[in-house]
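A closer look at the structure
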Amino acid sequence: MGVQLVLFGRQGAGKGTQSALLAKHYGAVHVSTGDMLREAVAEGTDFGRQAKQYMDSGALLPDEIMLGIITERLAQPDVTEGGFLLDGFPRTLGQAEALLGITSLDVAVNIEVPRDVVLERLSSRRVCTTCGAIYSLAEPPTHPWTCDVCGGEVVQRDDDTAEAITKRLAAYERDTVPAIDRFGELGLLETVDGQGRPDEVAARIEAAVDAHLSGR
Ligand code: ADP
């Protein structure tokens, strides 16, 4: 199997953008629980309708449900062969412990971006409804608002409202920080500065991951 990485970072820290760059660099599969849930919502299944209620309010889905989803995804052949880059999981201490039990993780990277900076980024974020490519009011697609990558429609996420953003950031501090701390205790955590151009941040993450891998 290839590398087994976890990316942490506040909402808007750039996990989605960095995951796409890193997945390419390491030849690993980008596994985003947020993208998986949004696909279920778009398919309009019963599960998708339930998930949408949690997501739009800024609440986390129950651990048992997320664990089922992630266990199934990590068992698929593309992941077992290429390795993975987890984005959006684990998000609680319970999820972290469960993940440590079913994988042999190489390292977790925490992309550090201050709260006031992510607030600004999230309110101007726009995403492609088809492929998930990320834009902003400052950097729109060439033909607003049609995706440069796939031609899909680029919109604001339903959970990028002021109210849901506040709730998600609070959940991050309360539920996800303990999960990050757990990786720190195990010596499995690298922290990088998430400010600057995406390629600069990607280079920092790659350097941290490579240093960690060669130091084992
Ligand atoms: P963000 O990090 O900006 O909140 P994501 O796209 O990663 O966005 O996730 C969107 C929503 O999906 C979350 O607010 C939550 O409702 C749900 N979700 C995603 N991953 C998890 C998880 N591991 N555990 C519980 N809920 C999750």
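A brief look at the structure comes next. What you are looking at is a predicted structure, and each value in this text was computed from that prediction instead of being measured.

As a further point, take the site of the ligand. Thr 33, Ala 59, Gly 88, Arg 91 and Arg 168 are the nearest of the 19 residues found near the ligand. Between the ligand and Arg 125 there is a distance of 3.5 Å, counted from an oxygen atom to a side-chain nitrogen or oxygen. Arg 157 places a side-chain nitrogen or oxygen 2.9 Å from an oxygen atom of the ligand. When isolated, the ligand has an accessible area of 540 Å², and the protein chains bury 97% of it. Looking at the shell around the ligand, the element that brings in the most residues is helix α2 (residues 33-43), giving 4 residues. Of the residues assigned to the shell around the ligand, the class counts are 7 nonpolar, 5 polar and 7 charged.

All right, on to the packing of helix α4 (residues 63-74) against helix α6 (residues 93-102) then. The packing of two helices is summarised by the inter-axis angle and the distance between the axes. Contact pair α4 / α6: the axes reach a minimum separation of 10 Å and the direction vectors enclose 25 degrees. Judged on the interaxial angle alone, α6 and α4 are roughly parallel. Crossing angle aside, the handedness with which α4 passes α6 is right-handed. On α6, the residues that touch Asp 63, Met 66, Leu 67, Thr 71 and Leu 74 of α4 are Gly 94, Gln 95, Ala 98, Leu 99 and Ile 102.

What counts, and where the lines are drawn
- Positions within a chain are numbered from 1, following the residues in the order the chain's sequence is written.
- pLDDT decides what is reported in this predicted model: residues at 70 or higher carry local features, side-chain atom pairs at 80 or more are listed and counted, and totals for whole chains, interfaces and linings draw on all residues regardless.
- For the side-chain quantities, the full set of heavy atoms in the structure was used; hydrogens and water were omitted.
- Proximity is defined per residue: any heavy atom of the residue falling within 4 Å of a molecule or strand makes that residue near it.
- Nitrogen and oxygen atoms within 3.5 Å of one another constitute a polar contact, given that in protein one can donate a hydrogen and the other can accept it, and given that sequence-neighbouring residues count only through two side-chain atoms.
- Each accessible area is a Shrake-Rupley estimate made with a 1.4 Å probe; only the visible protein chains count as cover when residues are assessed.
- Comment: elements are numbered from the N terminus, with helices defined as DSSP H or I runs of at least four residues and strands as E runs of at least two.
- Gly counts as polar in this scheme, as do all residues outside two lists: the nonpolar Ala, Val, Leu, Ile, Met, Phe, Trp, Tyr, Cys and Pro, and the charged Asp, Glu, Lys and Arg.
- Only C-alpha atoms enter the line fits that serve as axes; for helices the fit covers just the stretch in contact. Angles between N-to-C directions range over 0 to 180 degrees.
- The labels follow the angle: roughly parallel below 35 degrees, roughly antiparallel above 145, roughly perpendicular from 65 to 115, and oblique for the rest.
- The handedness criterion is simple: a crossing whose near helix is rotated anticlockwise from the far helix by less than a right angle is left-handed, and one whose near helix is rotated clockwise is right-handed.
- By the convention used here, residues are in contact when the closest approach between their heavy atoms is within 4.5 Å.

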